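For reference, the chains in residue letters:
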Amino acid sequence: AEIVFRYRLIDELNKNIYKPLTLICAPAGYGKSMLTSSWIEESNNKSVWLSLSEDDNDLRTFIIYIVAAIQKSFPEELVNTEALINAPELPSVKLLAQNLINELDHIQEDFIVVIDDYHLIHDERIHQLIDELLRYPPEHLHLCLLTRRDPALRIRNLRIHNRMTEIRMEDLSFSEEEIFNLFKKIHGIELKSLTVNSLQKTTEGWVTALRMISLASKKNPDI
């Protein structure tokens, strides 16, 4: 009931779903996860979501999680890749990537793979795997990376050839209309336009600050 749907951004994501990659990059508290979850909730495509931690900086662990997540939606797929990652000795990144890409190409239904908190990854082999996946992207896969800083990936070529969508801090910042809707939806307060303009300038549209101000307004409706 308290969610303000970011339709201008959701429309942008839907419009570019045919591209291999969406990169949503901004500091904490800008609503990256909320935007993405709202988007996939509205989408007709299947989706899987992988939230990372510092403990996931291991290639085998990372691929195990990726395979398990995708198999929740497509249980009959990625059998060969699963066998490779369960072998005593892990194959090279290139061989793993080739197998993963080939098997993902067998999936004939559009789907979204969201990887949250990618900024926690610093294992070079994991970056190499994602680079290979984006270099030869499966036709029906759309990869969405959520991160607090630019990932250590070779995305320049994707950017140059318009093969990726980027949502940045300035895009995630709440507009005046969204600030008005936020206060009206949460507390039923209709802010004056001058107040909305002042809030937008003061907070720079940072939703965490706006949320704190909206909570304070419960005790003092005079913003």
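The rules we used
Residues numbered from 1 in each chain as written. Predicted model: local features only at pLDDT ≥ 70, side-chain atom pairs only at ≥ 80, totals over all residues. Heavy atoms only, no water. Helix = DSSP H or I, 4+ residues; strand = E, 2+ residues; numbered from the N terminus. Expected span 1.5 Å × (residues − 1). Buried < 20%, exposed > 50% of the residue type's maximum accessible area, 1.4 Å probe, protein only. Arc of directions from axis to C-beta. Contact = heavy atoms within 4.5 Å. Disulfide = S-S within 2.5 Å.

Undergrad: Explain helix 9 (residues 176–187) here, please?
TA: Since there are 3.6 residues in each turn of an α-helix, residues three or four apart along the chain are aligned in direction. Between its first and last C-alpha atoms helix 9 spans 17 Å; for 12 residues at 1.5 Å apiece the expected length is 16 Å, and the two agree. Taken together, the buried positions of helix 9 are E178, I179, L182, F183 and I186. All buried residues of helix 9 fall inside an arc of 135° around its axis, so they share one side. Among the structural elements, helix 1 (7–15), helix 10 (193–203) and helix 11 (207–216) are those in contact with the buried residues of helix 9. A positive phi of about 70° marks G188, the residue just after helix 9.

Undergrad: Can you help me understand the state of the cysteines in this one?
TA: The bond known as a disulfide is covalent and runs between the sulfur atoms of two cysteines. As enumerated under the stated definition, the model contains 0 disulfides in all. C25 takes part in no disulfide bond, and the closest cysteine sulfur to it belongs to C144, at a distance of 12 Å. Judged by its relative accessible area of 6%, C25 is buried.

Undergrad: Help me out: how do you make sense of unusual backbone geometry in this one?
TA: Note on backbone geometry: most residues besides glycine have negative phi, and most peptide bonds are trans. With a phi angle near 65°, L78 is a residue other than glycine that sits in the positive phi range. Of the residues examined, L78 reaches a relative accessible area of 1% and is grouped as buried. One non-glycine residue, D117, lies in the positive phi region at around 60°. Looking at the element boundaries, D117 is found in the loop between strand 3 (111–116) and helix 6 (124–135).

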